[in-house]
Amino acid sequence: MGGVKKIQENIANELSLLNEIIKNTLESNSALMNQIVSKFLESKGKQIRPILVILSGRFFGDANSKVLNAGAAIELLHNASLIHDDVIDESKERRGQPTINRIWDNHISVLVGDFFVSAALHCAVQAQSHRITAVLSQLGRELSLGEMDQIDNARQHSIDEKSYFQIIKHKTASLFKCCVEVSGHANNAQEQELNDLMQFTELLGICFQIKDDIFDYFEDKVIGKPTGNDLREGKVTLPLIYALSKEDAPQHNEMVTLAKKSELSSEEIATLIDFAKAEGGIEYAYATMEQLRDEAFAILDSYRDRPVTDDFKTLFNFIIARNK
């Protein structure tokens, strides 16, 4: 975390301004809404996306007001999706804190999520760029389609890497790419350098989700996510996908049948997790992230003269090494 803290210190002014935009945009005449928003904003998480927006702004020129408003819009859209996800998944905790739907109820949670979406639209307008607005509009579509594909895959019991990575690109990597794209448009970036950094952050976003999925194979109350939660929701992630692809593995056919069940007991989930670990699924996931990191770092080789290039690498290493 040390390297990321140093980055946060270096961009502290811009990060503070971006968070102030979010806070001010969410102010309303509703006492209840203000109470819920205030409670929600107490836990900002690692703010990877705001950091990416600001670093990208510096990469292309500077983190100007267009960049900061666009970054606020992205973070608001992201948080809206998290609030709605908690309703869908019936989650009780996020970042170690009770969810809105747990403290209040699903009805209020949906309304708060919608309020965050409207706040994101306001910030998009403040960015004063049709290109940025178009990017944010597309992001909303990508997030929805990614979630829809994940639900469909779970129902169809699709267990293959191609489908897995396609969902990640829509559901997670699209957010990371958007951070770069809005900053590029705000600074009139050249097409080649914009495409390069977007490709870098797509790989970063993929690794972020792979690491998130690895957490689900281990008991860790800090992350507010019980072991096997993905499997409970019918989501088969990379470690288990790899293990199930090994046709010579012990009990292979039995494990494939088990993974395709509509509902799994706690014992069955534990069996699948143990199988994924025994067949090298966790090691395979880490090896995949390291390969993607090598590809990403190679993209940055042409931009060694830019000070923030090292920050991007530090952030990527943190994503893989983080423990929550």
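Just so it is clear, the model here is predicted, and its values are computed rather than measured. (Residues numbered from 1 in each chain as written. Predicted model: local features only at pLDDT ≥ 70, side-chain atom pairs only at ≥ 80, totals over all residues. Heavy atoms only, no water.)

Visitor: Could you clarify how one ought to interpret the pattern of salt bridges in this entry?
Guide: Note on pairing: side chains with opposite charge can pair once their charged atoms come close. Counted under the stated rule, the structure contains 11 salt bridges. For Glu14, the salt bridge goes to Arg58, with nearest N and O atoms at 2.9 Å. With Glu14 in helix H2 (residues 12–25) and Arg58 in helix H4 (residues 48–60), the pair connects residues that are 44 residues apart, well separated along the chain. Classification of Glu14 by relative accessible area gives buried; the value is 14%. The partner of Glu202 in a salt bridge is Lys177, with the nearest N and O atoms 3.7 Å apart. Highlighted residues: Glu202 in helix H10 (residues 191–215) and Lys177 in helix H9 (residues 161–186), separated in sequence by 25 residues. (Salt bridge = Lys/Arg side-chain N within 4 Å of Asp/Glu carboxyl O. Helix = DSSP H or I, 4+ residues; strand = E, 2+ residues; numbered from the N terminus. Buried < 20%, exposed > 50% of the residue type's maximum accessible area, 1.4 Å probe, protein only.)

Visitor: In this structure, what is going on with H4? I would like to understand it.
Guide: One full turn of an α-helix is made of 3.6 residues, so residues set three or four places apart face in the same direction. For H4, with 13 residues, the first-to-last C-alpha span of 18 Å sits near the 18 Å given by 1.5 Å per residue. With respect to burial, H4 is a largely interior element, 12 of its 13 residues being buried. (Expected span 1.5 Å × (residues − 1).)

Visitor: Just checking my understanding: could you explain empty space enclosed by the protein for this structure?
Guide: In this approach the atoms are scanned with a rolling probe the size of a water molecule, which exposes any empty space left behind. All told, the structure shown has 1 cavity of 30 Å³ or more when counted by the stated rule. By volume, the largest cavity amounts to about 40 Å³. What lines the largest cavity is Asp216, Tyr217, Asp230, Leu231, Lys235, Thr237 and Ile273. Across the lining of the largest cavity, the residue classes tally to 3 nonpolar, 1 polar and 3 charged. (1 Å grid on protein atoms, 1.4 Å probe; cavity = no way out; pocket = protein on both sides within 12 Å on 5 of 7 lines; lining within 4 Å. Points joined across faces, edges and corners; volume = space filled by probe spheres on them. Nonpolar A, V, L, I, M, F, W, Y, C, P; charged D, E, K, R; others polar.)

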